[in-house]
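Remarks on the overall topology
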Amino acid sequence: MKREVRKDPLTGEEFIPQKNSQRFATPKNRIKYNNAKASKINLERAFIDKPLHANRNILKQILENKPEATIHREFLRGKGYNFPLFTHYDKWEGLNVPCIYEYMIIKLPNLQIKILKK
């Protein structure tokens, strides 16, 4: 019975697979291929992911271990917070409010911002 010969997607070398699902000649090639693929995706998303993570870190730092805090909008701006960026909306007292991961950002009167950790 003749064994199937496959081509490694990373190196192009031909090999005889040991398992039906084997795509790469070696585990090292598989890891290198998948790391390169993930790196490319991360680079494509970095323009939005980096500022989102920075926003989350600012909110995390402000709240520390508290469930909520009320601060002035300019304080957030001074910390480098990027207001147009958020991950989703969630309901708070019947209103749809923007959220960054586990934090709700609620606009109050007099340019105050309430931050709630869910």
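Refer to the structure above for everything that follows.
This is a predicted model, so every value here is computed, not measured.

A word on the overall build of the protein. Secondary structure assignment for the protein yields two helices and seven strands. Helices and strands appear in the protein in the N-to-C order β-β-α-β-α-β-β-β-β. Computed over C-alpha atoms, the radius of gyration of the protein comes to 24 Å, more than 25% over the 13 Å expected from 2.2 N^0.38 for 118 residues, which places it beyond the range of a compact globule. C-alpha atoms of the protein, sized along the principal axes, occupy 80 × 30 × 25 Å.

As a further point, take unusual backbone geometry. Here the phi dihedral of Glu-93 falls at roughly 50°; this positive angle occurs in a residue that is not glycine. Here Glu-93 is to be found in the loop between β4 (88-92) and β5 (95-100). Assessed through its relative accessible area of 67%, Glu-93 is described here as exposed.

A few words now on the packing of aromatic side chains. For the coordinates displayed, the defined rule picks out three aromatic pairs. Aromatic side chains Phe-24 and Tyr-33 sit 5.1 Å apart centroid to centroid with 50° between the ring planes, which places their arrangement in the tilted category. Looking at Phe-24, the relative accessible area reads 7%, which means it is buried. We note Arg-73 situated over the ring of Phe-83; from NZ or CZ to the ring centre the distance is 4.0 Å.

With antiparallel pairing, five strands are arranged side by side in an open sheet as β3-β7-β6-β5-β4. One side of each edge strand has no neighbouring strand; the edge strands of this open sheet are β3 (68-72) and β4. The mean inter-strand angle of the sheet, taken between neighbouring strand axes irrespective of direction, is 35°. Taken together, the two bridges between β5 and strand β6 (residues 103-107) define a ladder with antiparallel strand orientation. Each residue of the ladder has a partner; that of Cys-99, found in β6, is Met-104.

With that settled, consider helix α1 (residues 27-63). The end-to-end C-alpha distance of α1 is 44 Å, clearly below the 54 Å that 37 residues give at a rise of 1.5 Å each. When the local axis directions of α1 are compared, the greatest deviation, roughly 70°, occurs at Ala-46. All of the buried residues along α1 are Asn-29, Leu-52, Asn-55, Ile-58, Leu-59, Ile-62 and Leu-63. For α1, the elements touching its buried residues are β3, α2 (73-79), β5, β6 and β7 (112-117). One or two steps after α1, the chain reaches Glu-64, where phi turns positive at roughly 50°.

Rules behind the numbers
Residues numbered from 1 in each chain as written. Predicted model: local features only at pLDDT ≥ 70, side-chain atom pairs only at ≥ 80, totals over all residues. Heavy atoms only, no water. Helix = DSSP H or I, 4+ residues; strand = E, 2+ residues; numbered from the N terminus. Rg over C-alpha atoms; globule rule 2.2 N^0.38 Å. Buried < 20%, exposed > 50% of the residue type's maximum accessible area, 1.4 Å probe, protein only. Phe/Tyr/Trp six-rings, centres within 6.5 Å; stacked < 30°, edge-to-face > 60°. Lys NZ or Arg CZ within 6 Å of the ring centre and 35° of its normal. Pairing = 2+ DSSP bridges. Axes fitted to C-alpha atoms, helices over the stretch in contact; angles between N-to-C directions. Expected span 1.5 Å × (residues − 1). Bend = angle between axes of the 7 residues up to and from the residue. Contact = heavy atoms within 4.5 Å.

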